[in-house]
Amino acid sequence: MATLHHPVPAHPRPTPRFPAPRPADTPGRDLVLPVGAAASAVAVTALLVTDEAAHLTLSLTAFALLTAAVTAAARLRLVPAVVLVSWMFFDGFVVNQRSELAWQPADRTSLWVLAAAGLAGAGCAAAARAVRTVWAARAVRLSKSSTQGS
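Since the model is a prediction, treat every value here as computed from it, not as a measurement. The numbers attached to residues start from 1 for each chain and follow its sequence in the written order. Per-residue local features of the predicted model are confined to residues with pLDDT of at least 70, and side-chain atom pairs are confined, for both listing and counting, to 80 or more; whole-chain, interface and lining totals are unaffected and use all residues. Just so you know, side-chain values use all the structure's heavy atoms and leave hydrogens and water out.

### What about the confidence of the model for the chain?
Argument step 1. Per-chain confidence: the chain averages 80 in pLDDT, with 77% of residues scoring 70 or above.
Argument step 2. A residue's pLDDT is simply how confident the predictor is in it, with values from 0 to 100. Here a helix means four or more residues in a row that DSSP labels H or I, a strand means two or more in a row labelled E, and each is numbered from the N terminus. At the low end of the mean pLDDT range in the chain sits helix H1 (residues 27-30), at 69; at the high end sits helix H4 (residues 79-95), at 90.

### Looking at the packing of aromatic side chains
Argument step 1. Centres within 6.5 Å are what make two rings of Phe, Tyr or Trp a pair, Trp counting through its six-membered ring; a difference in plane orientation under 30 degrees is then read as stacked, over 60 as edge-to-face, and the rest as tilted. Throughout the structure, instances matching the rule amount to three aromatic pairs.
Argument step 2. Geometrically, the ring pair formed by tryptophan 87 and tryptophan 103 is edge-to-face, given 6.0 Å between the ring centres and 80° between the ring planes. Of the two residues, tryptophan 87 sits in helix H4 while tryptophan 103 sits in the loop between H4 and helix H5 (105-149), which places them 16 residues apart along the sequence.
Argument step 3. Burial classes: relative accessible area under 20% of the type maximum marks a residue as buried, over 50% as exposed, and values in between as partly exposed (1.4 Å probe, protein chains only). By relative accessible area, which is 7% here, tryptophan 87 ends up buried.
Argument step 4. For the ring pair phenylalanine 89 and phenylalanine 93, a centre distance of 5.8 Å and an interplane angle of 35° mean the geometry is tilted. Taken together, the positions of phenylalanine 89 and phenylalanine 93, both in helix H4 and four residues apart, correspond to about one turn of that helix.

### Digging into the side chain of threonine 71
Argument step 1. Tracing the backbone shows threonine 71 in helix H3 (residues 56-73).
Argument step 2. Overall, threonine 71 belongs to the buried group, its relative accessible area being 1%.
Argument step 3. Here, residues are in contact when the closest pair of their heavy atoms is within 4.5 Å. If we skip the residues at most four places from it in the chain, threonine 71 touches Val79, Val82, Ala117, Gly118, Gly121 and Ala122.

### So, empty space enclosed by the protein
Argument step 1. Every definition here rests on a 1 Å grid over the protein atoms only: cavities are sets of points where a 1.4 Å probe fits but cannot get out, pockets are open sets enclosed by protein on both sides within 12 Å along at least five of seven lines, and lining residues have some atom within 4 Å of a point. Grid points are joined across faces, edges and corners, and a volume is the space filled by probe spheres set on the points. Tallied over the full model, the rule gives one cavity of 30 Å³ or more.
Argument step 2. When its volume is computed, the largest cavity comes out at roughly 50 Å³.
Argument step 3. Leu33, Gly36, Ala37, Ser40, Leu66, Thr67, Val70, Val82, Val85 and Ser86 are the residues that line the largest cavity.
Argument step 4. It is helix H2 (residues 32-49) that contributes the most residues to the lining of the largest cavity, four residues altogether.
Argument step 5. Residue polarity follows a fixed list, in which Ala, Val, Leu, Ile, Met, Phe, Trp, Tyr, Cys and Pro are nonpolar, Asp, Glu, Lys and Arg are charged, and the others, Gly among them, are polar. When its residues are assigned to classes, the lining of the largest cavity shows six nonpolar, four polar and no charged.

### Here's the deal with H2
Argument step 1. Expected span, for any helix, means 1.5 Å times one less than how many residues it has. Taking 1.5 Å per residue as the helical rise, H2 with its 18 residues ought to reach 26 Å, and the 25 Å between its terminal C-alpha atoms agrees with that figure.
Argument step 2. When H2 is considered as a whole, its buried residues turn out to be Val32, Gly36, Ser40, Val44 and Leu47. Looking straight down H2, one finds its buried side chains confined to an arc of 110°; they lie on one side. Exposed residues pointing more than 90 degrees away from the buried face of H2 are listed as Val35, Val42 and Val49.
Argument step 3. Once H2 ends, the next one or two residues include aspartate 51, with phi positive near 60°. Arc definition: it is the arc formed by the directions from the helix axis to the C-beta atoms.

### Let's talk about the packing of H2 against H4
Argument step 1. Each axis is a line fitted through C-alpha atoms, taken for helices only over the stretch in contact, and angles between the N-to-C directions span 0 to 180 degrees. The N-to-C vectors of H2 and H4 enclose an angle of 20°; their axes lie 10 Å apart at closest approach. Relative to H4, the element H2 is oriented roughly parallel. Judged by the twist between their axes, the crossing of H2 over H4 is right-handed. Contact with H2, carried on its side by Leu33, Ala37, Ser40, Ala41, Val44, Leu47 and Leu48, involves Ala81, Val82, Val85, Ser86, Phe89, Phe93 and Val94 of H4 and no other residues of that element.
Argument step 2. Broken down by class, the residue content of the contact of H2 with H4 amounts to 12 nonpolar, two polar and no charged. Every angle not falling under 35 degrees, over 145, or within 65 to 115 is termed oblique; those three ranges are roughly parallel, roughly antiparallel and roughly perpendicular. Note: crossing handedness is left-handed where the near helix turns anticlockwise from the far helix by less than a right angle, and right-handed where it turns clockwise.

If you want it as structure tokens, here you go:
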């Protein structure tokens, strides 16, 4: 006579060791630091060749815009490294022009300006991602409500 019993419950699927990459985790975000360093080297070369390195305000503005653009594309944990690399190129090649880092008032000011530009770029990128997330959630909600109504 056959006995009735409950089947053995299926084992839950094992959780992966590494989480699946999110759509925002693209290889481009990991390559931002080397690309930013290369862009800084090109900017330094352009400023030195055109003799615009003598104008520190113009040079600092160019580096601040470059830093903001690179940090907007970078992962949040790479922002301090991007700011530091940008400051090293600016201080070593534009301010001192002999690849020497210094800690004079102009050097500290440029570090703070580049750090503010980096935080502004990262903040703008985070705000843009938040807006995209809100709009995507709103679109999903609207599509669900439209399918339920029909």
